[in-house]
Amino acid sequence: MTNSPLRFRDEPEHDEPAVTLDAFLGQSNATAVRIEAGEDARALLPHLDRLALVEVSFPSFRDGRGYSAASVLREAGYRGELRAEGDVLVDQIPLMRRCGFDSFAPAQPVDAAALARALEQQAHVYQGAADGRSPVWRLRHG
Amino acid sequence: MYRYDQYDQAIVDARVAEFRDQVERRLSGALSEDQFKPLRLMNGLYLQLHAYMLRVAIPYGTLNSAQLRVLADIARRYDRGYGHFTTRQNLQYNWIQLKDAPDILAELAKVEMHAIQTSGNCIRNISSDQYAGAAADEVTDPRPWAELLRQWSTFHPEFSYLPRKFKIAVIAAPKDRAAMRLHDIGIEIVRNADGQQGARIFVGGGMGRTPMIAHEVRDFVGIDDLLSYLEACLRVYNRFGRRDNIYKARIKILLHEIGVDAYREQVEEEFLAVKQLGLDPPKAEFDRIAAFFADPPFQADAPDTIDRSDPAFALWLDQNLAAHKQPGYAIATISLKPAGGIPGDATAEQMELIADLAERYSFDELRVTHAQNLVLPHVRKADLYAVWQALDGAGLAEANLDLIGDIIACPGLDYCSLANARSIPLAQKISNRFADPERQRDLGELKLKISGCINACGHHHAGHIGILGVDRKGTENYQLLLGGSGAEDVSLGRITGPGFDEDGVVDAIERVTDLYKARREPGERFVDTYRRLGMEPFKEVIYARP
């Protein structure tokens, strides 16, 4: 991956390469990890305080396991960079943002104008999620 | 019924704008068909054999007359003057052009309708009991629960790319009119020992090539916990459901492989974590929704008797009426199953006439049934004769609810690119063979369901008599199943043996119904006799050498 990722974070990009989950769990000093679609994000929960980057692989845009992986990590309090990598389509990025992804490395280039429109599309959401947006029931009832 | 507020309307309007943008990108060539496909599927737009098919959501099967008139108008302006009501209580148009789809969605949005999540690997339209809010036997109206779930599931960020499609049904009566236990999640609203209402949760039902009956996973979830509990159910599926084989990707296979106890344990563990996140709306939100489903202003002293002096009317009453919770009122089903007709089809003119009747005689309310009929849920008994006369004048007074002529059929090879065999011509042949109303009544309740392929959209596994169309070396072949049920006596049909051609399967149905007539005991339905006798005597008459 030569292109720099699309990022929705202020601090500079983490420069340590992500290691595999097995490698991460087997060594104590890595700060970036990559989890494949079938791997259990919960294995990272005891180590969240030393992680700066978690990269979640999307082998196919149809494979939605990464949305749950991201949600699990954010719900457990992970605050570092959470990157979606692979077959990530422009119209999926708004949903991924809601699940807590704040960095994207799509295999195919993303049309910036289409992405901007997609992110602006829905002013309201029906359900709570990792992005902390207020669902409409909260707007209705304060 | 539920009405949109500013938020609901804004969300649906934004969806229309988004889809218009996507269609423009497709028509300009900026998007390939491959890239466009997942986007159009999220809006209920399929590419079928001859044209695009658009599936419009009818949440929990409830409509008002303005909505039905718009559906009629769309049928006339953008399709060929008719629409097709489906086994998921939705409506499909079969002859749509891509360029028109955004305009159609805009027309729908004006009457608080949409096509969101009527396809794709996401949580589909929530289905329910078509008699909800009217049935004499219900614990409560299940629709507020269903509407809560509609909102929660709409554009759910975590569950829009599930391993496979996901269907939820909600009922609240001991009689199951929604095939609840043949859904990925079936919910029965019950009252516990303290008098509290809550959800009894069944998971892992479904039809398709591996039919399964849903298992009870929880006997009671209160309204305060329902969304968190369902989040947990869905998350376990999204994380661990199979993605290596499309035919093994439904949640029923996950439950089958790990077992219901292991699934339940994982869900309970997940639920404890999810419950901390504040995903459940306050009771005030449920109450806000429920207020929309308050009883219409029934006439308290409406006469409870019906003048049955017109014999044709009396036959319709006996067959197509259900008991209403309010004295002096009845629930009337309008059969969309005339002999020789296409099950579930309605013309624009028929829809408009039915909309008029709903407005005048049923507090502006209509329902769609999973058996592909329409319902006027709140008719004064004193008005039934006028309603029947209007229906009769339009050819809509078929008195065959739940009889052999009330066939469920998928669109089949005439429309569907997945089908192996035609369903509609076979349904027409069967309904013509059994067209005699007296013969139908004599056979009694007999649910006949036809699917044109293994995906089972026509619910053949749940038919007292089921028919599955397959392709056998290039010719259409029909397998016969007996003994299924989608009701509270839920069961899966068994295949009788070798299949038949189109005429052969109609003959075989005649033989099994003849055997039923010869062997039935007083009060037994076809399926009861089958359950008592077993498959063998039926096989003998089906495959007997002349």
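See the structure printed just above.
The present account deals with the structure reproduced in this document.

About the cut-offs
Residues numbered from 1 in each chain as written. Chains lettered and ligands numbered in written order. Predicted model: local features only at pLDDT ≥ 70, side-chain atom pairs only at ≥ 80, totals over all residues. Heavy atoms only, no water. Helix = DSSP H or I, 4+ residues; strand = E, 2+ residues; numbered from the N terminus. Expected span 1.5 Å × (residues − 1). Buried < 20%, exposed > 50% of the residue type's maximum accessible area, 1.4 Å probe, protein only. Arc of directions from axis to C-beta. Contact = heavy atoms within 4.5 Å. Salt bridge = Lys/Arg side-chain N within 4 Å of Asp/Glu carboxyl O. Phe/Tyr/Trp six-rings, centres within 6.5 Å; stacked < 30°, edge-to-face > 60°.

What follows covers helix α8 (residues 260-274) of chain B. One full turn of an α-helix is made of 3.6 residues, so residues set three or four places apart face in the same direction. All names here are of chain B. Given a rise of 1.5 Å per residue, 15 residues ought to cover 21 Å, and the 20 Å separating the end C-alpha atoms of α8 matches this to within 8%. Of the positions making up α8, those classed as buried are Val260, Tyr263, Val267, Glu270, Phe271 and Val274. Buried residues of α8, viewed axially, fall in a sector of 105°; they line one side. Along α8, exposed side chains directed more than 90 degrees from the buried face belong to Glu265, Glu269 and Leu272. The elements touched by buried residues of α8 are β9 (197-203), β10 (215-222), α6 (226-240) and α7 (251-258).

Here the focus is the pattern of salt bridges. Scanning the entire structure with this criterion turns up 77 salt bridges over all chains. Here B:Asp103 ties to B:Arg20 by a salt bridge, and the two come within 3.0 Å at their closest N and O atoms. Of the two residues, B:Asp103 is situated in helix α4 (residues 101-110) and B:Arg20 in helix α1 (residues 6-27); the sequence distance between them amounts to 83 residues. In this structure, B:Glu188 engages B:Arg200 in a salt bridge whose closest nitrogen and oxygen atoms are separated by 3.2 Å. Here the residue B:Glu188 occupies a position in strand β8 (residues 185-191), and B:Arg200 occupies one in strand β9, the gap between them amounting to twelve residues. Taking relative accessible area as the criterion, B:Arg200 reaches 27% and is therefore assigned partly exposed. It is possible to trace a salt-bridge network through shared partners that takes in A:Arg7, A:Glu13, A:Arg34, A:Glu36, A:Glu55, A:Glu81, A:Arg83 and A:Glu85.

Attention now moves to the packing of aromatic side chains. The final tally for this structure, using the stated rule, is 23 aromatic pairs over all chains. Measuring from centroid to centroid gives 5.7 Å for A:Phe58 and A:Phe101, while their planes differ by 65°, and the two rings are edge-to-face. Here A:Phe58, found in strand β4 (residues 53-58), pairs with A:Phe101, found in the loop between α3 (93-98) and β6 (103-106); they are 43 residues apart in sequence, far enough to count as distant. Given the relative accessible area of 2%, A:Phe58 is considered buried. Ring centres of B:Trp145 and B:Phe286 lie 5.2 Å apart, and the angle between their planes is 65°; this geometry places the pair in the edge-to-face category. Taken together, the residues span a long stretch of sequence, with B:Trp145 in helix α5 (residues 143-153) and B:Phe286 in helix α9 (residues 283-292) at a distance of 141 residues. Both residues of the pair, B:Trp145 and B:Phe286, count as buried.

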